[in-house]
Amino acid sequence: MIDEGFLILYMLKKTLKYLHLWLGLLSGILIFIIAITGCIYVFSEEIKEFTHRDRNVIVAPLNTKKLPLSDLVNIAENIFEKKYTFQNIIIPNFPNSSVSIIFEEIDEEGFWYPDYMVFNKTVYLNPYTGGIIKVENTKWEFFNVIFWIHITLFMGYNSTSSIIIISTICVFLVMLISGILLWWPNKKQRKQSFGFKWKKTTRWKRKNYDVHRIVGFYIFLFSLLIALTGLFWISDSFNKSVKWIANGGEHIIEKELPIIKSINKPEDPLETIYKKVIKDIPQSKYILIRKHPNETVPYIVRSYLNETINYKRVEMYFDKSSATLISKEFFENKNNGEKIQALNYDLHVGSIGGFPTKIIAFFVSLLIASLPISGTLIWLGKKKVTKKNLNKLLVKN
């Protein structure tokens, strides 16, 4: 007589196998694309330090002041005959660094990335002379293209790309959990579940199966973190839910920025803002000034206190005409939900702990990309075995 508990466990495991298999086959190619592009993007900044030295590094002249920011913006905008206005100004706080000014125009109706991103160029300028170092076609810059494939599968920001990415992440999360349940060993299997116990006679099918199971186990927690931070980024409902939980079940409404009415209007608001930030936060590694597409939104200014860690920044708003500081917020002053929001990018790309955690993120992403391949090979191997067994049965009969 078959034990009822054993039968239930057997049926549960069989159901999990089918769920894991078919979800994997249906979503494998998307998981591979998202994982491999994420893997490539992890060290994008470090790679560009070498490949983009021609535009990022300058020779700082002695006893020469930098030009006002408005002059640099004017030079950059004249390149495009004032057709476009800047979106971002990136000012490194180093004497031998160029200033980069980013221009972007998007078409919300464009479905695929080439149509969605109408215009995206970055002008690199010598801040001392105003000389144009390079006009980069950022729309087709390698790592920018990788980034857009990673977050939208080469579509624009639209409902279709969001649904596909969110669905793929959710499927991946189900596969992670079902995979760890299928991996869970009994007493006899424990020796083979934590390491590779291969002999000279071990076939490649067995090796591939072990790689899929054991690698999946060791990267489980890291994969879970990457998937959840990705979902937090792309899914508005998940984002709000996590913040709600982090804030103790309280929905915290963002305070509206006060309207500034100032008589004092400097000739160069951008330069005034920059000087104020440098004076107030001299330890800034670089400063970003962003002009929001909505003209009513003040300048968004960020002072980054670390070159590689994103959350270590001071966020400010400045009035566009008077250069008056409207608000200023440090990481420590954020509520729990906002802190998770600030930490999310660094957790996702592995920059949270510097170079060591980036290495972990790189290899985990690479190994995630390998799972659909090894999983498909397991399925193909079993399919061939089933056909052989069926042929043998037919011959016997």
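Residues numbered from 1 in each chain as written. Predicted model: local features only at pLDDT ≥ 70, side-chain atom pairs only at ≥ 80, totals over all residues. Heavy atoms only, no water.

1. Re the environment of Lys334
Line of reasoning, step 1. Among the secondary structure elements, Lys334 is positioned in the loop between β8 (325-329) and α13 (336-349).
Line of reasoning, step 2. On the basis of relative accessible area, Lys334 is assigned to the buried category, the value being 11%.
Line of reasoning, step 3. Expressed as a C-alpha distance, the spacing of Lys334 and Phe86, which sit 248 residues apart in the sequence, is 29 Å.
Line of reasoning, step 4. If near-sequence neighbours (up to four positions away) are discounted, Lys334 is found in contact with Glu315, Glu329, Lys339 and Ala342.
Line of reasoning, step 5. A distance of 3.3 Å separates a polar atom in the side chain of Lys334 from a polar atom in the side chain of Glu329. (Helix = DSSP H or I, 4+ residues; strand = E, 2+ residues; numbered from the N terminus. Buried < 20%, exposed > 50% of the residue type's maximum accessible area, 1.4 Å probe, protein only. Contact = heavy atoms within 4.5 Å. Polar contact = N/O pair within 3.5 Å; in protein donor to acceptor, adjacent residues only side chain to side chain.)

2. Some words on the confidence of the model for the protein chain
Line of reasoning, step 1. Chain-level pLDDT for the protein chain is 90 on average; 93% of the residues reach the 70-or-more range.
Line of reasoning, step 2. Confidence drops under pLDDT 50 across residues 393-397; counting only partners more than four residues distant or on other chains, this segment forms zero contacts. (pLDDT = per-residue confidence, 0-100.)

3. What to know about the environment of Asn88
Line of reasoning, step 1. For Asn88, the position within the fold is in strand β1 (residues 86-92).
Line of reasoning, step 2. Asn88 sits 168 residues away from Glu256 along the chain, and the two C-alpha atoms are 23 Å apart.
Line of reasoning, step 3. Not counting residues within four places of it along the chain, the set of residues in contact with Asn88 comprises Ser100, Ile101, Ile102, Leu288, Ile289 and Arg290.
Line of reasoning, step 4. Separated by 3.1 Å, the side chains of Asn88 and Gln87 make a polar contact.

4. A closer look at the pattern of salt bridges
Any two side chains of opposite charge can pair if their charged atoms end up close together.
Line of reasoning, step 1. With the rule as written, the count across this model stands at twelve salt bridges.
Line of reasoning, step 2. A salt bridge links Arg55 to Glu136; its shortest N-O distance comes to 2.7 Å. Taken together, the residues span a long stretch of sequence, with Arg55 in helix α3 (residues 53-56) and Glu136 in strand β4 (residues 132-136) at a distance of 81 residues.
Line of reasoning, step 3. A relative accessible area of 7% means that Glu136 is categorised as buried.
Line of reasoning, step 4. Here Lys320 makes a salt bridge to Glu295, at a shortest N to O gap of 3.4 Å. A residue pair is termed long-range when its members are at least 10 positions apart, and Lys320 in the loop between β7 (313-318) and β8 and Glu295 in the loop between β5 (286-290) and β6 (299-304) qualify at 25 residues.
Line of reasoning, step 5. The buried category is assigned to Lys320, whose relative accessible area is 18%.
Line of reasoning, step 6. Since its relative accessible area comes to 52%, Glu295 is described here as exposed. (Salt bridge = Lys/Arg side-chain N within 4 Å of Asp/Glu carboxyl O.)

5. A closer look at the pairing of strand β2 (residues 99-106)
Taken residue by residue, a regular strand's side chains alternate between the two faces of the sheet.
Line of reasoning, step 1. Where β1 and β2 come together, four bridges link them in antiparallel fashion. Paired with Ile90 across the two strands is Ser100, which belongs to β2.
Line of reasoning, step 2. Adjacent in sequence and paired antiparallel, β1 and β2 are bridged by six residues.
Line of reasoning, step 3. Relative to strand β3 (residues 117-125), β2 runs antiparallel, the two sharing eight bridges. (Pairing = 2+ DSSP bridges.)

6. Quick look at the side chain of Lys139
Line of reasoning, step 1. Mapped onto the elements, Lys139 comes out in the loop between β4 and α6 (142-152).
Line of reasoning, step 2. Among buried charged residues, Lys139 stands out as having no salt bridge; its nearest opposite-charge side chain is Asp115, 6.7 Å away.
Line of reasoning, step 3. There is a polar contact of 2.8 Å between the side chain of Lys139 and the backbone oxygen of Pro114.
Line of reasoning, step 4. Setting aside anything within four residues of it in sequence, one finds Lys139 in contact with Tyr113, Pro114, Met117, Val118, Asn120, Asn144 and Val145. (Lys, Arg positive; Asp, Glu negative; His and termini not counted.)

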